[in-house]
Amino acid sequence: MTSVDLTPTHSGDDHLLDREELNRRNIEFESATPTEIIRWAADRFGDRLVVTSSFGDAVLAHLAWQAVPGIEVVLIDTTYLFAETLWFADHAAELFSGRVRIQRPAEDVTPDNQWLDDTVGCCARRKVAPLAEALQGNAAWITGLRRDDSLRRATAPILSNDLLRGVVKVNPIANWTEADVDSYTIEHCLPVHPMTGRGYTSIGCWPCTIPPRDESDARSGRWAGQNRTECGLHD
Ligand code: SF4
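The text that follows walks through the structure, step by step, so that each part is easy to find. (Residues numbered from 1 in each chain as written. Predicted model: local features only at pLDDT ≥ 70, side-chain atom pairs only at ≥ 80, totals over all residues. Heavy atoms only, no water.)

Secondary structure assignment for the chain yields seven helices and six strands. When the helices and strands of the chain are listed from N to C terminus, the series reads α-α-β-α-β-α-β-α-α-β-β-β-α. Whereas a compact globule of 235 residues would reach a radius of gyration of roughly 18 Å, the chain reaches 17 Å, a difference of no more than 12%. Its C-alpha atoms give the chain principal-axis dimensions of roughly 45 × 40 × 35 Å. A buried classification covers 50% of the 235 residues belonging to the chain. Contacts spanning at least 24 positions in sequence make up 69% of the contacts within the chain whose residues lie at least 6 apart. For the chain, the computed accessible surface area is about 11700 Å², with 50% contributed by carbon and sulfur atoms. Counting 23 positive and 35 negative side-chain charges, the chain places the averaged centre of each group 2 Å from the other. (Helix = DSSP H or I, 4+ residues; strand = E, 2+ residues; numbered from the N terminus. Rg over C-alpha atoms; globule rule 2.2 N^0.38 Å. Buried < 20%, exposed > 50% of the residue type's maximum accessible area, 1.4 Å probe, protein only. Contact = heavy atoms within 4.5 Å. Areas by Shrake-Rupley, 256 points an atom, 1.4 Å probe, with all protein chains shown as cover. Lys, Arg positive; Asp, Glu negative; His and termini not counted. Charge placed at Lys NZ, Arg CZ, Asp CG, Glu CD.)

What follows deals with the site of the ligand. Neighbouring residues of the ligand: Thr78, Tyr80, Trp115, Thr119, Cys122, Cys123, Arg126, Lys127, Cys205, Pro207, Cys208 and Trp223. For the shell around the ligand, the element with the highest residue contribution is helix 6 (residues 119-135), accounting for five residues. (Near = heavy atom within 4 Å.)

So, on to the packing of helix 3 (residues 59-67) against helix 7 (residues 178-187). At a minimum axis separation of 10 Å, helix 3 and helix 7 run at an interaxial angle of 60°. One finds that helix 3 runs oblique with respect to helix 7. Crossing hand, helix 3 versus helix 7: left-handed. On helix 7, the residues touching Val59, His62, Leu63 and Gln66 of helix 3 are Val181, Tyr184 and Thr185. A class-by-class count of the residues in the contact of helix 3 with helix 7 yields four nonpolar, three polar and no charged. (Axes fitted to C-alpha atoms, helices over the stretch in contact; angles between N-to-C directions. Parallel < 35°, antiparallel > 145°, perpendicular 65-115°, else oblique. Left-handed = near helix turned anticlockwise from the far one by under 90°. Nonpolar A, V, L, I, M, F, W, Y, C, P; charged D, E, K, R; others polar.)

This paragraph deals with the packing of aromatic side chains. Scanning the model with the defined rule gives six aromatic pairs in all. Judged by centre distance (6.1 Å) and plane angle (65°), the rings of Phe82 and Tyr200 are edge-to-face. Of the two residues, Phe82 is situated in the loop between strand 2 (72-76) and helix 4 (83-95) and Tyr200 in the segment after helix 7; the sequence distance between them amounts to 118 residues. An identical accessibility class is assigned to Phe82 and Tyr200; each is buried. Note on Trp176 and Tyr184: the rings are 5.6 Å apart at their centroids and 50° apart in plane angle, and the pair reads as tilted. Each member of the pair Trp176 and Tyr184 is classed as buried. Three or more aromatic residues link up through ring pairs in this structure, and these residues are Phe29, Trp40 and Phe45. (Phe/Tyr/Trp six-rings, centres within 6.5 Å; stacked < 30°, edge-to-face > 60°.)

Looking now at the environment of Asn171. Position of Asn171 among the secondary structure elements: in the loop between strand 6 (167-170) and helix 7. Sequence-distant contacts of Asn171, defined by excluding residues within four places in its chain, comprise Thr143, Leu145, Pro157 and Ile158.

Turning to the nonpolar core, a few remarks are in order. Core analysis: the biggest nonpolar cluster contains 44 residues, and Phe45, Leu49, Phe55, Trp65, Ile142, Leu159 and Val168 have the highest contact counts within it. Beyond its immediate chain neighbours, meaning those up to four positions away, Trp65 contacts Phe55, Ile71, Val73, Ala92, Ala93, Phe96, Gly98, Arg99 and Val100. Within the second largest apolar cluster, 18 residues are counted, among which are Val74, Leu131, Trp141 and Cys231. (Core = buried A, V, L, I, M, F, W, Y, C linked by side-chain atoms within 4.5 Å.)

Right, let's talk about the sheet that holds strand 5 (residues 159-162) for a bit. Pairing in this open sheet of six strands is mixed, and the strands run 3-2-1-4-6-5 from one edge to the other. Looking along the sheet, the strands with just one partner apiece sit at the ends: strand 3 (99-103) and strand 5. Adjacent strand axes in the sheet meet at a mean angle of 30° when their direction is disregarded. Examined bridge by bridge, strand 2 and strand 3 share five bridges and lie parallel to one another. Paired with Leu75 across the bridge in strand 3 is Ile102. Packed on one face of the sheet, helix 6 meets strand 1 (49-52), strand 2, strand 3, strand 4 (140-142) and strand 6 and runs near 155° to strand 2. (Pairing = 2+ DSSP bridges.)

Bringing helix 3 into the picture now. In terms of burial, helix 3 is largely enclosed, as eight of its nine residues are buried. All of the buried residues in helix 3 are Val59, Leu60, Ala61, His62, Leu63, Ala64, Trp65 and Ala67.

In structure tokens:
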């Protein structure tokens with residue numbers, strides 16, 4: 001149903017890492033701090049580095065702003081985000097003098113009911129395509145993906161080559177747990193997303209997010225009943 005063009009938009013792969021370096025750095029980064037990993041990425045890729053956050057919490061954004069002052073954090077706004085999420089991103093940026101850039105779908109993606117019967121196509125137009133736009137011309141992408149998000153993410157590496165998008169993907173908190181996130185939030189007095197207190201453990205778009213149906217699976221409230229827990233950004 002979707003007509004989104006997922007053809008890689010990069011013009012060259014010279015920034016991708018060879019297997020030897022990927023293996024070596026993944027071993028090394030398992031015991032590095034997220035700040036060290038983010039700084040390595042900034043040194044290596046310079047201004048061709050994009051940080052994205054869904055702002056379900058402020059941890060990745062705060063780490064990025066502390067590691068690389070002035071760096072922008074991109075929020076993909078499907079136009080169906082909860083108002084609380086937009087407020088929270090703005091609030092966190094103001095508190096920590098950070099910068100947030102909102103990346104929205106193309107102009108011709110107008111409000112519709114596609115999410116009612118085609119969530120895969122809707123995510124492709126409203127999430128995957130804007131991410132591709134944000135990554136265009138860049139060499140690396142920093143995300144807040146964690147192994148304890150879900151079983152599917154349990155073996156995610158810290159560093160990988162995202163061959164579809166032609167960028168190096170950096171997951172600096174891949175080996176953090178929910179408890180690590182909570183500790184960091186408390187230690188650095190970070191704000192908490194207003195919906196966290198209402199039982200939401202993973203926060204996406206309002207049509208496709210409810211509190212988790214299974215307490216042991218933080219993402220079980222996303223696309224509930226549809227046998228999917230990923231939107232296509234991390235497939
Ligand atoms: S999460 Fe739901 S509303 Fe948001 S882009 Fe995907 S299908 Fe559309």
